[in-house]
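Single-letter residue listing:
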Amino acid sequence: MTAVFAHRGAHLNVRENTLEALGEAVLLGVAGVELDVRRSLDGVLVVHHDAVSEFLVIAESPARDLPGYVPRLEEALATCSSVVVNVEIKNAPDEPGYDGSGTLVREVLACVRNARSSAVISCFDLATCDEIRRGDSSIDVAWLSYKGTLDDDLETAREHGFNALNPHLSMVKSSAQSRAEELGLALNVWTVNEARDLAAMGNLGVASVITDEPQLALEVLAASPERRVGDDAG
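To start, this report covers the structure provided alongside it.

Turning our attention to the pattern of salt bridges. By the definition in use, this model includes 11 salt bridges. A salt bridge links Arg39 to Glu107; its shortest N-O distance comes to 3.2 Å. With a gap of 68 residues between them, Arg39 in strand β2 (residues 32-39) and Glu107 in helix α3 (residues 103-115) connect regions that are remote in the sequence. Residue classification places Arg39 among the partly exposed residues on the basis of a relative accessible area of 23%. Take Glu107: its relative accessible area is 28%, and that puts it in the partly exposed class. One salt bridge connects Arg134 with Glu131, and the closest N-O pair in it is separated by 3.1 Å. Of this pair, Arg134 and Glu131 both sit in helix α4 (residues 126-135), three residues apart, roughly one helical turn. Judged by relative accessible area, Glu131 falls into the partly exposed class, the value being 22%.

Below is the structure:
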């Protein structure tokens, strides 16, 4: 059955990427959560989506100056210890604090190992994904994709030795899951929020959906017929 990952936690009624949102997602019974990690000026790994928080550039600010609701990665992993955590490393060349040295990746890997978390580590930046794969051959690596063609990106993910491709919903066609299976890749689709799209992804049999509507996703996918590997996706 297609797994449900809560995108930045369960944040419809609380602030996203906070311990409260992550904890709420776990209580819903999701298979996993997705969260974003950045590094502060003083080298602290913090969970936040945007490069700026309360007018502070995270990469240029010490962790103590960030808002109190911004958790450290180790706190977030502890909150989500009973589920799989998709840790998205925010490391883009056009944002402050881009790290091309591999230091950020090594620090994230060390934090995940110390927490003994069940984790997938992802990034939009291909070079960062390569660093993750070099840094730990045992951990699942997912390349995030949102433009171009899905077939090309699946081929790239396979060539680089990744475990998964995380494409935007708009890229996913009826043949996507079959092709991913042929290449031995998991397909984790984001951000899937509408009931019809959730049902469609369940019918295709993708590995997981990353959603802002985890409760709805659990209900829709529980009602969807489970696709068997090898079935025609249409």
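Relative to the assigned elements, Gly100 resides in the loop between β6 (84-89) and α3. Looking at Gly100, the relative accessible area reads 59%, which means it is exposed. On a C-alpha basis, the gap between Gly100 and Thr128 in space is 7.4 Å, while along the polypeptide they are 28 residues apart.

Procedures and definitions
- Residues numbered from 1 in each chain as written.
- Predicted model: local features only at pLDDT ≥ 70, side-chain atom pairs only at ≥ 80, totals over all residues.
- Heavy atoms only, no water.
- Salt bridge = Lys/Arg side-chain N within 4 Å of Asp/Glu carboxyl O.
- Helix = DSSP H or I, 4+ residues; strand = E, 2+ residues; numbered from the N terminus.
- Buried < 20%, exposed > 50% of the residue type's maximum accessible area, 1.4 Å probe, protein only.

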